[in-house]
Amino acid sequence: MNRIMSFLVLLLILLFHPFVHAIDLDDSGSFTATGFYDLTGAKVLSGSAQGSSAAWMYQQWHCPCTIQNWEYVGVYEKSKGFQIDQESLVGVQLRKEFTPNFSVTGQFVMRAQNPNNGSSPSVDWLYASWSPSADSPITVQAGRLRIPLYYYSDYLYIGYSYPWVRPPPDVYGWPIYAYDGANISYHTQLGSSAWSMNASAWVGKFKQTYDAYDSLIYNAAPTTETWDHMVGGYVSATNSIFDVRAMVMKYRDTTEIYYTGTPTTGVSNLFTRIEGLSANMDYENWLVRAEIDRYQQVSAAVNIDNIYKYNLFGVGYKWGDFTPMITHSQYTTVAQNPALLQFIEAQSTNSLVVRWDFRANTALKVQYDDNKDKSKYPYPFFGDSRLLSVSLQGTF
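A brief report on the enclosed structure follows. Keep in mind the model is a prediction, meaning the values are calculated, not measured.

Parameters and conventions
Residues numbered from 1 in each chain as written. Predicted model: local features only at pLDDT ≥ 70, side-chain atom pairs only at ≥ 80, totals over all residues. Heavy atoms only, no water. Helix = DSSP H or I, 4+ residues; strand = E, 2+ residues; numbered from the N terminus. Contact = heavy atoms within 4.5 Å. Lys, Arg positive; Asp, Glu negative; His and termini not counted. Charge placed at Lys NZ, Arg CZ, Asp CG, Glu CD. Disulfide = S-S within 2.5 Å. Buried < 20%, exposed > 50% of the residue type's maximum accessible area, 1.4 Å probe, protein only. Pairing = 2+ DSSP bridges. Salt bridge = Lys/Arg side-chain N within 4 Å of Asp/Glu carboxyl O. Phe/Tyr/Trp six-rings, centres within 6.5 Å; stacked < 30°, edge-to-face > 60°. Lys NZ or Arg CZ within 6 Å of the ring centre and 35° of its normal.

**Regarding the overall build of the protein**
Working step 1: Looking only at helices and strands, the protein has two helices and 22 strands in total.
Working step 2: Reported as C-alpha extents along the three principal axes, the dimensions of the protein are approximately 60 × 45 × 45 Å.
Working step 3: The long-range fraction of contacts in the protein, counting pairs at least 24 apart against all pairs at least 6 apart in sequence, stands at 59%.
Working step 4: Positive and negative charge centroids in the protein, built from 27 and 34 side chains respectively, lie 3 Å apart.

**Side note on the state of the cysteines**
Working step 1: Enumeration over the complete set of coordinates arrives at one disulfide.
Working step 2: Cys63 shares a disulfide with Cys65; S-S distance 2.1 Å. Torsion about the S-S bond of the Cys63 and Cys65 cystine: about 60°, corresponding to right-handed handedness. The residues Cys63 and Cys65 share a single accessibility class, namely buried.

**Examining the pairing of strand β6 (residues 74–77)**
Working step 1: Neither face of β6 is open: one carries Gly74 and Tyr76, the other Val75 and Glu77, and all of them are buried.
Working step 2: Of the pairings in the sheet, the one linking strand β5 (residues 65–69) to β6 comprises four bridges and is antiparallel in character. Residue pairing for β6: Thr66 is matched across the bridge by Tyr76.
Working step 3: Where β5 hands over to β6, the hairpin turn is made up of four residues, of which Val73 adopts a positive phi near 55°.

**Some details on the pattern of salt bridges**
Working step 1: Within this structure, the stated rule accounts for 13 salt bridges.
Working step 2: Of the charged contacts in the structure, one is a salt bridge between Asp370 and Arg386, with a shortest N-O distance of 3.9 Å. You can see Asp370 sitting in strand β21 (residues 362–373) and its partner Arg386 sitting in strand β22 (residues 384–395), a full 16 residues away along the chain.
Working step 3: Its relative accessible area of 22% is what places Asp370 among the partly exposed residues.
Working step 4: Overall, Arg386 belongs to the buried group, its relative accessible area being 15%.
Working step 5: Bridged by salt links that share partners, the residues Glu87, Arg166 and Asp369 form one connected network.

**Section: the pairing of strand β20 (residues 346–359)**
Working step 1: Note that β20 and β21 share eleven bridges and pair antiparallel. Bridge pairing in β21 links Arg355 to Lys365.

**What about the packing of aromatic side chains?**
Working step 1: Summed over all chains, the structure comprises 33 aromatic pairs.
Working step 2: Ring geometry for Tyr151 and Tyr152: centres 4.9 Å apart, planes at 90°, overall edge-to-face.
Working step 3: Accessibility expressed as a relative area gives 5% for Tyr152, which makes it buried.
Working step 4: With centroids separated by 5.6 Å and ring planes inclined at 75°, the aromatic side chains of Tyr152 and Tyr162 adopt a geometry described as edge-to-face. Of this pair, Tyr152 sits in the loop between β10 (138–146) and β11 (178–189) while Tyr162 sits in the loop between β10 and β11, and the two are ten residues apart along the sequence.
Working step 5: Among the residues examined, Tyr162 registers a relative accessible area of 2% and is labelled buried.
Working step 6: Positioned above the aromatic ring of Tyr234, the side-chain terminus of Arg245 is 4.5 Å from the ring centre.

**What to know about the environment of Leu45**
Working step 1: Among the secondary structure elements, Leu45 is positioned in strand β2 (residues 31–48).
Working step 2: Given the relative accessible area of 38%, Leu45 is considered partly exposed.
Working step 3: Each C-alpha atom, one on Leu45 and one on Glu77, is 9.5 Å from the other, the two residues being 32 residues apart in sequence.
Working step 4: Excluding residues within four positions of it along the chain, Leu45 makes contact with Lys78, Tyr368, Arg386 and Leu388.

Take it as geometry only, folks, not as evidence of what the structure does.
Set out below in structure tokens:
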């Protein structure tokens, strides 16, 4: 509770901050700080599982319940009423420019809920950037970065940057979002047209000790997950109205489960391939968001050949300071092994959100989510749920 009170005090201070630009930390202006905050509260209105409205337990949670953040396991339980301790956070990004073409950036986030290895605050980014010259279209980065799996990957926890309270968790839900490695990107204008293009390729790996996604949601035991031999790339193009992006990545997945003091291998060197496509539009008062992703994991040794399909589609309209938006999202697991058909995970969500930009760099959002759990497990999973969320989000 002390941590929550600290968040409330800090966020109230940030709400009334007088600054709207980056903060200079030295006289030269080469060392700057920017930040963001997210005070989110939500309440499960109702829920059921496998056709029954009776209360049930899933792992440690008293359900009806709903998971809205997979990476940090933000779960709302009906029995707890209105909760503000699952997704609220404060983040700061520090950037030091040593020369016009070399800089170091770090992003640090303090979360009300962070069960990943008990770490808070977390280091989301810490990397160096270099370009051959100040105006070069090429940039090289090395260090810890966010994996650009999705359109909003770089802004996943900067709620002010997107229309929802949070990007639909049916799509934005995976155990690891960061990598330690390097990337190279290239930006150019496409001839004399209004279109510009950005292309990026990356390599790296990431090991998450006590990964909450696996440890709490699925295995009920401390689990370490490693994504190794990551290789990926994306190409995007925009003309300020339309924005399209295509991405592909592959890696090797290994998990170790500590049921006792000795680790048990869950999967080892499991090949995974991810493909994603997004298409967005901002035209006059209309906005459209669409994204589709396909994951495939293959291991002949343990007879796994699963395909995971994710997608979202949303339409909104800007009406003065207000932006109402409706969104449909869903994911489905397709097991190629008939013996695993009873362990199919799937769900869909219909959402209605209203965003109110009532002051500079600050938005208040109210969102209603109707989630349907279509999983086929021999036990109740998270189940159906109706969730009401309220979130104050901003940048400084």
